[in-house]
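# Chain and residue survey
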There are 2 protein chains.
Amino acid sequence: MLDQSPQLDRIFQALSDPTRRAVLDRLTQGPASVSELAAPFDSTLAAIVQHVQVLEASGLIATEKIGRTRTCRVSADAVARAERWLSERRARWEARFDRLGALLEGGAPPNKKAAKRKRMS
Amino acid sequence: MLDQSPQLDRIFQALSDPTRRAVLDRLTQGPASVSELAAPFDSTLAAIVQHVQVLEASGLIATEKIGRTRTCRVSADAVARAERWLSERRARWEARFDRLGALLEGGAPPNKKAAKRKRMS
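Thresholds applied
Residues numbered from 1 in each chain as written. Chains lettered and ligands numbered in written order. Predicted model: local features only at pLDDT ≥ 70, side-chain atom pairs only at ≥ 80, totals over all residues. Heavy atoms only, no water. Buried < 20%, exposed > 50% of the residue type's maximum accessible area, 1.4 Å probe, protein only. Helix = DSSP H or I, 4+ residues; strand = E, 2+ residues; numbered from the N terminus. Polar contact = N/O pair within 3.5 Å; in protein donor to acceptor, adjacent residues only side chain to side chain. Salt bridge = Lys/Arg side-chain N within 4 Å of Asp/Glu carboxyl O. Pairing = 2+ DSSP bridges. Contact = heavy atoms within 4.5 Å. Axes fitted to C-alpha atoms, helices over the stretch in contact; angles between N-to-C directions.

## A few points about helix H2 (residues 18–27) of chain B
Residue and element names in this part refer to chain B. Most of H2 sits out of view: 9 of its 10 residues are buried. Pro18, Thr19, Arg20, Arg21, Ala22, Val23, Leu24, Asp25 and Leu27 are the residues of H2 that are buried. Regarding H2, its N-cap is Asp17, as a side-chain oxygen of that residue lies 2.9 Å from the backbone nitrogen of Thr19 further along.

Written out as structure tokens, the structure reads:
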């Protein structure tokens, strides 16, 4: 019954912070070093490094260290996974509304207000 | 630069817990009372009430108390908002890959391995 997925836990946890969302947002424009990621923020470099670590542990980004520079890039799979989790749920209750609508149209005289009340309940 | 949205913080925070995801999942099948939501879980009713409160504070669900029963239902807008945040980012870096692909195809002899290396960097 539990929707057990430690990776989903970590993905959504990582997305719950505005700085981490901004970092991910920046990376959709292309790979960047940790210093480049830190530049627009008032935070310390250490704070950004921590955010990068949380994002990497969730799988939302991957990093690679070459020489003294750690380069970060978005990891498409993890973002797609979170998006899919949400879109599947949305599809499920939209299907439910469609069935409800069909039921109301077929079984009772057309009455949009009643259908709307039913949907809101 | 910060992606400031306290509601997005709360939505993603609410989704980072497996019990809360399972509750939301159950509600996509239709409204339910808090006791109905609690039934499949080993947790105490008090724990489920807390999870319901977190979900409600995030806007992912709405609740209504009639008599002694609190009925919960999914709130489509908040789920759609989180989904949109993710799909917009995905669209952005897919567009970037398309531009990179076009650049590589137009500017250099076709070499799929090089294109792939570039994409992975």
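## Brief notes about the pattern of salt bridges
Scanning the entire structure with this criterion turns up 12 salt bridges over all chains. For Arg21 of chain A, the salt bridge is made with Asp9 of chain B, and the minimal N-O distance between the two is 2.8 Å. Pair noted here: Arg21 of chain A is in helix H2 (residues 18–27) and Asp9 of chain B is in helix H1 (residues 6–15), and the two residues belong to different chains. A salt bridge links Asp25 of chain B to Arg89 of chain A, with the shortest nitrogen-to-oxygen separation between them at 2.7 Å. Linking Asp25 of chain B in helix H2 with Arg89 of chain A in helix H5 (residues 76–107), this pair reaches from one chain into another. Overall, Arg89 of chain A belongs to the buried group, its relative accessible area being 8%. Through salt bridges with shared partners, a single ionic network connects Asp25 of chain A together with Glu88, Arg89 and Arg92 of chain B.

## Quick notes on the sheet that holds strand E1 (residues 32–33) of chain A
In sheet architecture, strand pairing relies on hydrogen bonds along the backbone and comes in two forms, parallel and antiparallel. Residue and element names in this part refer to chain A. Read across the open sheet, the 3 strands follow the order E1-E3-E2; overall the sheet is antiparallel. One side of each edge strand has no neighbouring strand; the edge strands of this open sheet are E1 and strand E2 (61–66). Bridge count for E1 against strand E3 (residues 69–74) is 2 bridges, and the pairing is antiparallel. In the sheet register, Ser33 faces E3, and the bridge partner there is Thr71. On the sheet, H2 packs against E1, E2 and E3 and is oriented at approximately 85 degrees with respect to E3. Packed onto the sheet, helix H4 (residues 45–58) meets E2 and E3 and runs at close to 120 degrees relative to E2.

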